[in-house]
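Chain by chain, the residues run as shown.
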Amino acid sequence: MVLGKKEGGLFRSSSPSSNDRSKLGLAILAGIMVGALWAYLHPHAFMSASEGGDPLVSELEKKIRMLELQVTTLRGENSEIKSALDLSNQEKKSAQQQLMASRSRVKAGKFGTVAGTTTHPEIIPDKSVNPELAQLLEKIAINRELIVGVSNKNVAPMLQVWFESIKQSGITNYLVVALDDETAKFCKDHDVPAYRKDATIPKSLAGTGDNHAISGTKFHILREFLVLGYSVLLSDVDIVYLQNPFKFLQRDCDVEAMTDGHTNATAYGYNDVFDDPKMGWSRYAHTMRIWVFNSGLFYLRPTVPSIELLDRVATRLAREKAWDQAVINEELFFPSRPGYNGLHASKRVMDRFLFMNSKLLFTDIRGDPSQYANFRPVTIHVNYHPDKYNRMLAIVDYYVKGKKDALAKFPVGSE
């Protein structure tokens, strides 16, 4: 058969000629060179073939690897942003956990034993808001609380009576926020701790009078103290200190303030009946009333509601021509209603005899010396009378120097 002849030709034992061997070697060499050139021009061709894949798929895989490399590079370049985001997420998670814990359900106790809490948790201090002030407060504050008075050069005489009464009462944790260089120097000359702070008076308060302008700026200033984690007894400088107030504070609420009330009813609240005769049978409507908290002396704990109060008041004073005392009371007492969310801050009225206003002093206390002969208030705020400086001096004479007739020359009200 023809096939048999071919097989025989392939396996014959006879050797090829030298010419044939040369041709065979050249052919093999040419094949190797062509293969090498193809491998160089198409590096993935053999891999794709050996893996049984499509060259197009291999090319896509190459592009994917390049994109992954670019993503890795971008991640490295944005590592700081990623860290910040991670930290923010951690803080958010922590806040959510605290919120859930605060809202955790509990069983009600027996009748007469159930009591809510008014003490909100204090914030985490943030020294970055004012490192200079933070360093100063670490030296001055005791138990992370202090008295803060805000003053400028126009009230220097009252300021001196203020800080001398504080010193005389043995109080060391106090600070004057000086709104000008003259006040800062005045404090330094009298060995009084002071912090120099420029005050920006809102346009809405321009022309309302110097005292009201200062009152508007103090809420911005006070905010930094709270964010730094300090409790503050904010004090006007028309106040005489006769005892250390930190021995008499309750510290169970966000806000603890003195009252403008001069009786138990006006200071602590009463049922006031409104009469509208045209309504007939329902002519009487019962209302609840309380005289306002005085914005010249109040204690704030470093809590979220306290800071929110300051933010609300400062925001309103920046756009409204309003009295800061009226605004702070509206924010504290007005309830939530359609279109308005009330402030959920806990509040306490200070003892009206211990933290006294000048109306109570000159109407009741002075008029009954036998009953109050041995009584000594903690502070007296000359808030009802314009002749503040002279009455402050008289209060010092009466309570500190023992001059029993020192208060007698002043009228009950204002002349």
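Residues numbered from 1 in each chain as written. Predicted model: local features only at pLDDT ≥ 70, side-chain atom pairs only at ≥ 80, totals over all residues. Heavy atoms only, no water.

### Remarks on the packing of helix 7 (residues 156-168) against helix 14 (residues 388-399)
Filter applied, for reference: Angles shown run from 0 to 180 degrees and are taken between the N-to-C directions of axes, each axis being a line fitted to C-alpha atoms and, for helices, limited to the stretch in contact. A run of DSSP states H or I qualifies as a helix once it reaches four residues; a run of E qualifies as a strand once it reaches two. Both are numbered from the N-terminal end. Each angle gets one of four labels, with under 35 degrees taken as roughly parallel, over 145 as roughly antiparallel, 65 to 115 as roughly perpendicular, and the rest as oblique. For any helix crossing, the convention is left-handed if the near helix is rotated counterclockwise from the far helix by under a right angle, and right-handed if that rotation is clockwise. Whether two residues are in contact is decided by their heavy atoms, any of which lying within 4.5 Å being enough. Following the grouping adopted for this structure description, the nonpolar residues are Ala, Val, Leu, Ile, Met, Phe, Trp, Tyr, Cys and Pro, the charged ones are Asp, Glu, Lys and Arg, and the polar ones are all others, Gly among them.
Interhelical geometry of helix 7 versus helix 14 gives an angle of 20° and a closest axis separation of 10 Å. Relative to helix 14, helix 7 is oriented roughly parallel. The handedness of the crossing between helix 7 and helix 14 is left-handed. Residues Pro157, Met158, Val161 and Trp162 of helix 7 touch helix 14, and the partners they reach there are Lys388, Tyr389, Met392, Leu393 and Val396. Residues belonging to the contact of helix 7 with helix 14 are distributed by class as follows: eight nonpolar, no polar and one charged.

### Some points on the packing of helix 11 (residues 304-319) against helix 12 (residues 324-333)
The contact between helix 11 and helix 12 brings their axes to 10 Å, and the two run at 135°. Here helix 11 is positioned oblique relative to helix 12, judged by the angle of their axes. Crossing handedness for the pair helix 11 and helix 12: right-handed. Here Leu309, Arg312, Val313, Arg316 and Leu317 of helix 11 lie close against helix 12, whose contacting residues are Asp324, Val327, Ile328, Glu330, Glu331 and Leu332. Of the residues belonging to the contact of helix 11 with helix 12, the class tally is six nonpolar, no polar and five charged.

### Some points on the pairing of strand 1 (residues 145-151)
Under the convention used in this document: The classification of residues rests on relative accessible area computed with a 1.4 Å probe and restricted to protein chains. Under 20% of the type maximum is buried, over 50% is exposed, and intermediate values are partly exposed. At least two DSSP bridges between two strands are needed for those strands to be called paired.
Summarising burial for strand 1: seven of the seven residues are buried, a large majority. Burial of the side chains of strand 1 extends over both faces: Glu145, Ile147, Gly149 and Ser151 are buried on one face and Leu146, Val148 and Val150 on the other. Looking at chain direction, strand 1 and strand 4 (residues 231-235) are connected through five bridges and run parallel. Bridging from a neighbouring strand, Gly149 pairs with Ser235 of strand 4.

### So, the sheet that holds strand 11 (residues 355-357)
Ordered by their spatial adjacency, three strands build an open sheet running 5-12-11, and the pairing between neighbours is mixed. Edge positions in the open sheet fall to strand 5 (239-241) and strand 11, since each of these has one partner strand only. Averaged over all neighbouring strand pairs, the angle between strand axes comes to 20°, with direction disregarded. As judged from the three bridges shared by strand 11 and strand 12 (residues 379-381), these two strands associate in the parallel manner. What sits directly across from Phe355, in strand 12, is Thr379. Running at roughly 80° to strand 11, helix 13 (residues 358-365) makes contact with strand 11 and strand 12 of the sheet.

### Considering the nonpolar core
Note the following rule: Among buried residues, those of type Ala, Val, Leu, Ile, Met, Phe, Trp, Tyr and Cys that are joined through side-chain atoms within 4.5 Å constitute a nonpolar core.
Of all hydrophobic cores here, the largest spans 46 residues; its most connected members are Ile147, Trp162, Tyr241 and Leu361. Every element with two or more residues in this core is listed here: helix 7, strand 2 (174-178), helix 8 (181-189), strand 5, strand 9 (293-300), strand 11, helix 13 and helix 14. Once you skip the residues sitting within four places of it in the chain, Leu361 turns out to touch Met356, Arg366, Ile380, Ile395, Tyr399 and Leu407. One finds Leu137, Val177, Ala314 and Leu317 within the second-largest nonpolar core, a separate group that totals 39 residues.

### With respect to the sheet that holds strand 9
Ordered by their spatial adjacency, seven strands build an open sheet running 3-2-1-4-9-6-10, and the pairing between neighbours is mixed. Edge strands, defined here as strands with exactly one partner in the open sheet, are strand 3 (194-196) and strand 10 (347-349). Taken pair by pair, the neighbouring strands of this sheet meet at an average axis angle of 30°, ignoring direction. Two elements, strand 1 and strand 2, share five bridges in a ladder whose sense is parallel. Paired with Gly149 across the bridge in strand 2 is Val176.

### Regarding the side chain of Asp238
Structurally, Asp238 can be placed in the loop between strand 4 and strand 5. In this structure Asp238 comes out as buried when scored by relative accessible area, which is 6%. Those residues in contact with Asp238 that lie beyond four places of it in its chain are Met158, Ile380, His381, Val382, Asn383, Lys388 and Met392.

### A word on the confidence of the model for the protein
As a reminder, the rule being used: A residue's pLDDT is the predictor's confidence in that residue, given on a scale from 0 to 100.
Averaged over all residues, the pLDDT of the protein is 83; the fraction at 70 or higher stands at 71%. Scored below 50 in pLDDT, residues 44-52 shows eight contacts in the model against residues more than four places distant or in partner chains. The model gives residues 204-212 a pLDDT under 50, and that stretch makes 18 contacts with residues more than four places away or in other chains.

### Description of the pairing of strand 6 (residues 255-259)
Of all the five residues making up strand 6, five are buried; the element is thus mostly covered by neighbouring parts of the structure. Bridge count between strand 6 and strand 9: four bridges; the pairing is antiparallel. Each residue of the ladder has a partner; that of Ala257, found in strand 9, is Phe298. As paired elements, strand 6 and strand 10 share three bridges and run parallel to each other. Counterpart to Val255 in the pairing with strand 10 is Lys347.

### Things to note about the packing of aromatic side chains
Aromatic ring pairs are described here by two measures, namely the spacing of the ring centres and the angle between the planes. Selection criterion: Aromatic contacts are taken between Phe, Tyr and Trp rings whose centres are within 6.5 Å, Trp giving its six-membered ring; a plane angle under 30 degrees counts as stacked, one over 60 as edge-to-face, and the others as tilted.
According to the stated counting rule, one finds nine aromatic pairs in the structure shown. On the basis of an interplanar angle of 75° and a centroid distance of 5.1 Å, the ring pair of Phe293 and Phe333 is categorised as edge-to-face. Of the two residues, Phe293 sits in strand 9 while Phe333 sits in helix 12, which places them 40 residues apart along the sequence. Overall, Phe293 belongs to the buried group, its relative accessible area being 3%. Given a relative accessible area of 32%, Phe333 falls into the partly exposed group. An angle of 25° between the planes, with centres 6.1 Å apart, marks the rings of Phe353 and Tyr372 as stacked.

### Considering helix 8
This is how the line gets drawn: Picture the helix axis, draw a direction to every C-beta atom, and the arc is the one those directions span.
When helix 8 is considered as a whole, its buried residues turn out to be Thr183, Phe186 and Cys187. All buried residues of helix 8 project into a common sector of 95° when viewed along the axis, lining one side. Opposite the packed face of helix 8, turned more than 90 degrees from it, sit the exposed residues Asp181, Lys185, Lys188 and Asp189. Where helix 8 ends, the next residue or the one after it, Asp191, has phi of about 55°, a positive value.

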